[in-house]
Amino acid sequence: MLLLKSFAKVIDNSGALVVEVINVMGGSRVASLGDEVVCVVKKARPVSGEGSSNAVSKLKKGDVARALVVRTVQPVRRLDGTFVKFDDNAVVMLSKQGTPLGNRVLGVIANETRQKRWAKIVSLAPKVV
């Protein structure tokens, strides 16, 4: 469960490292697993000065972008009665069209992303819990 002004770790290779939630899409005040949020980048990877094409950072500090919540510290109840919680709050950065900005997802994501029809992000993840 992410509120406004919550910080989250970015687990893709879009260039951002830490983001702050500034809005929750869909009119709710809180975001849970599989919800889309609007974030501002608080910390980003440094841009290499030699201009190598492999290390292209799509996001810089201060950029505003959308993101998908894939892990939360707050326990979330599943339909079978079990609870799932993680050690950190994590997001995957999205474009305005809803496609992921990075081409890799680093770390596990929750199964609720599959249930909320984010199949492209689920396919990029190494493990779904």
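Not measured: the values here are computed from a predicted model. (Residues numbered from 1 in each chain as written. Predicted model: local features only at pLDDT ≥ 70, side-chain atom pairs only at ≥ 80, totals over all residues. Heavy atoms only, no water.)

**Some points on the nonpolar core**
Grouped burial of nonpolar side chains is what soluble globular proteins tend to show. To be explicit about the condition: Nonpolar cores were defined as sets of buried Ala, Val, Leu, Ile, Met, Phe, Trp, Tyr and Cys residues, with membership established by side-chain atoms within 4.5 Å. Each residue is placed in one exposure class: buried if its accessible area under a 1.4 Å probe, protein chains only, is under 20% of its type's maximum, exposed if it is over 50%, and partly exposed if it falls in between. Helix numbering and strand numbering both begin at the N terminus, where a helix is a DSSP run of H or I of at least 4 residues and a strand a DSSP run of E of at least 2. What makes two residues a contact is simply this: any of their non-hydrogen atoms within 4.5 Å.
Val19, Val37, Val91 and Met93 are the most contacted members of the largest nonpolar core, which totals 17 residues. At the level of elements, strand E1 (7-10), strand E2 (16-24), strand E3 (36-44), strand E4 (64-71) and strand E7 (90-94) are the ones that each hand at least two residues to this core. The biggest single contributor to this core is E2, with four residues. Beyond its immediate sequence surroundings of up to four residues, methionine 93 is in contact with Val10, Asp12, Ser14, Val19, Leu59, Ala65, Arg66, Ala67, Thr99, Pro100 and Leu101. Counting twelve residues, the second largest nonpolar core, distinct from the first, contains Leu68, Val92, Val122 and Ala125.

**Observations regarding the sheet that holds E2**
Let me state the cut-off plainly: In this scheme, strands are said to pair when DSSP sees at least two bridges between them. Axis definition: a line fitted to C-alpha atoms, limited for helices to the stretch in contact. Angles are taken between N-to-C directions and run from 0 to 180 degrees.
The five strands are arranged E1-E2-E3-E4-E7 in a closed barrel whose pairing can be described as mixed. The mean inter-strand angle of the sheet, taken between neighbouring strand axes irrespective of direction, is 55°. The pairing of E2 with E3 spans seven bridges and is classified as antiparallel. Each bridged residue has a counterpart across the sheet, and for alanine 16 the counterpart in E3 is alanine 44.

**Some thoughts on unusual backbone geometry**
Residue lysine 5 is not a glycine yet carries a positive backbone phi of 70°. Position of lysine 5 among the secondary structure elements: in the segment before E1.

**Examining the pairing of E4**
Of all eight residues that make up E4, six are buried, and the element is covered over most of its length. Across five bridges, E4 lies against E7 in antiparallel orientation. Note that in E7 the partner of arginine 66 across the bridge is leucine 94.

**Some thoughts on the pattern of salt bridges**
What counts is decided by this rule: Salt bridge, as applied in this entry: a Lys or Arg side-chain nitrogen positioned within 4 Å of an Asp or Glu carboxyl oxygen.
Using the criterion set out here, one finds seven salt bridges in the structure. Note that lysine 42 is salt-bridged to glutamate 20, the shortest N-O span being 3.2 Å. Of this pair, lysine 42 sits in strand E3 while glutamate 20 sits in strand E2; the two residues are 22 residues apart in sequence, bridging distant segments of the chain. The class for lysine 42 is partly exposed, based on a relative accessible area of 36%. Between arginine 66 and glutamate 36 there is a salt bridge, and its shortest N-O distance comes to 3.4 Å. With a gap of 30 residues between them, arginine 66 in strand E4 and glutamate 36 in strand E3 connect regions that are remote in the sequence. Note on glutamate 36: relative accessible area 17%, which makes it buried. Taken together, the shared-partner salt bridges in this structure form one network comprising Lys5, Glu20 and Lys42.

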